[in-house]
Amino acid sequence: MKPVKIGILGLGTVGGGAVNVLKRNAGEIARRAGREIIVSRASARDLTRTRICDTAHIALSADPFEIVNDPDIDVVVELMGGYEPAKQLVLTAIANGKHVVTANKALIALHGNEIFAEAGKKGVMVLFEAAVAGGIPIIKAIREGLAGNRIEWLAGIINGTGNFILSEMRDKGRDFADVLAEAQALGYAEADPTFDIEGIDAGHKLTILASIAFGIPLQFDKVYTEGITRITRADVEYAEALGYRIKHLGMARKTTQGIELRVHPTLIPKRRLIANVDGVMNAVLVCGDAVGPTLYYGAGAGAEPTASAVVADLVDVVRAMTSDPENRVPHLAFQPDAIVDIPVLPAEAIRTAYYLRLTAEDRPGVLADISRILAAHHISIEALIQKEPLAGQSSVPIIMLTQLTLEKEMNAAIAEIEDLATVSGAVNRIRLETLG
Ligand code: HSE
């Protein structure tokens, strides 16, 4: 059979990795796909740059539009990232009848609804396995492997850079900025690393996971997003002392009222497997009503792990190019006319447990005032530590774990606690999930 010609947009970390994997494993890939896959063209902003891959047999161009408009290209692989020109390029490729493989989570989370509608009209595929959790085939697992289940919730460590920073801070006492610089040098971080540390990248990925889990439209604007910048070494140590690890977690849960969509630092019991996922590794726990909890673990960033997902999508595209076009796996797992608009809950409607850290005067009645406020908001204390005052100081750190409560009640209680004359500074709050 005729080889399939692909055009790669972007020859950075992931693009270079994809070229290398396609070349190294060409024989096995062709045996799986049924046809040879040839990287015929590629675009890059700077054609003079040294690359991690050999480009000797690839026609290079600085203009990606040449590739999406080239009638000789069967499949466009978009690995540039960002919203524009990626969106225009993908829409042009679709309009030209080309299948698209992308690793661009920002693009899918924000513009996926429009892109899939256009792809549906043209009968082409848009595959995006590499957009979530790098090399872990989590999209395929939820969309196909768990298709018999009602998904109840999922929770994931889905930003490798953030997890790498938290792990290094905990294990080696390293500084935040120093670890971030290393993640950038290793090619893990986004072009704008605030996307990693402020939870935006994880929010993009959670948006996609929630859509394929619950059959809802992609809606990034409804995700509650909090990053890791306010986590201190003290919080990490107190959490450890209480039997927990702090992880940056994306949570999507279906409740009777709607869907919780949230990304924030979270205390997780140390005994959970997911609490022991360190470094740049990602993990996603998915709980289905039939299967129960299932855990998926692997490298969430980096050249070849992400290329592994890109190439798997290419193999799927090539296999499907010859099969029944009416009977493909739907983009968002559910048939397009079966996508339902279940409401996404506002942050104040979240129900979770909390870790609270505050600084208070070391004198009688202070703890009683704090517990009175919590009780008035129906918040029950699960555990409490009061540390001794630092030399020469009259205030002490107080660390509390609470039982499940409504975020709205916690917001009100924190505001009242911060107003107490005996409490100084802000209350540091980290949400806690037992993931049982
Ligand atoms: N910046 C992302 C991360 C890359 O650190 O997880 C993979 O999407």
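Residues numbered from 1 in each chain as written. Predicted model: local features only at pLDDT ≥ 70, side-chain atom pairs only at ≥ 80, totals over all residues. Heavy atoms only, no water.

What characterises a pair of aromatic rings is the spacing of the ring centres plus the angle enclosed by the ring planes. Counting across every chain of the model gives 2 aromatic pairs. Ring plane angle 85 degrees and centroid distance 6.0 Å describe the contact between Phe164 and Tyr188, whose orientation is recorded as edge-to-face. Of the two residues, Phe164 is situated in helix 7 (residues 160-172) and Tyr188 in the loop between helix 8 (176-185) and helix 9 (194-197); the sequence distance between them amounts to 24 residues. Given a relative accessible area of 9%, Phe164 falls into the buried group. (Phe/Tyr/Trp six-rings, centres within 6.5 Å; stacked < 30°, edge-to-face > 60°. Helix = DSSP H or I, 4+ residues; strand = E, 2+ residues; numbered from the N terminus. Buried < 20%, exposed > 50% of the residue type's maximum accessible area, 1.4 Å probe, protein only.)

Attention shifts here to the nonpolar core. Across soluble globular proteins, nonpolar side chains have a tendency to be buried as a group. Ile138, Ile208 and Val286 are the most contacted members of the largest nonpolar core, which has 54 residues in total. No other element matches the 8 residues that helix 10 (residues 200-214) contributes to this core. Residue-level mapping places this core at the junction of two domains, with at least three residues from each of domain 1 (4-135 + 303-338) and domain 2 (138-298). Other than its neighbours up to four places away in sequence, Val286 contacts Ile138, Ile142, Leu146, Ile151, Trp153, Leu154, Gly292, Pro293, Thr294 and Tyr296. Counting 34 residues, the second largest nonpolar core, distinct from the first, contains Val4, Val21, Ala44 and Ala320. (Core = buried A, V, L, I, M, F, W, Y, C linked by side-chain atoms within 4.5 Å. Domains from an automatic or database assignment. Contact = heavy atoms within 4.5 Å.)

Looking at the ligand, the residues that line it are Lys105, Asn159, Gly160, Thr161, Tyr188, Ala189, Glu190, Asp196, Asp201, Lys205, Gly300 and Ala301. At 2.6 Å, a side-chain N or O of Glu190 approaches a nitrogen atom of the ligand. Here an oxygen atom of the ligand and a side-chain polar atom of Lys205 are 2.8 Å apart. Isolated, the ligand exposes 260 Å² of accessible area, and the fraction of that covered by the protein chains is 93%. With respect to the detected pockets, the ligand is housed in the largest pocket. (Near = heavy atom within 4 Å. Polar contact = N/O pair within 3.5 Å; in protein donor to acceptor, adjacent residues only side chain to side chain. Areas by Shrake-Rupley, 256 points an atom, 1.4 Å probe, with all protein chains shown as cover. 1 Å grid on protein atoms, 1.4 Å probe; cavity = no way out; pocket = protein on both sides within 12 Å on 5 of 7 lines; lining within 4 Å. Sits in = over half its atoms within 2 Å of the grid points.)

To continue, consider the sheet that holds strand 5 (residues 99-102). Taken in spatial order, the 6 strands make up an open sheet running 3-2-1-4-5-6, and their pairing is parallel. Of all the strands in the sheet, the pair left with one neighbour each is strand 3 (59-61) and strand 6 (126-127). In this structure, strand 2 (residues 37-43) lies alongside strand 3, joined through 3 bridges in parallel fashion. Directly across from Arg41, in strand 3, lies its bridge partner Ala59. (Pairing = 2+ DSSP bridges.)

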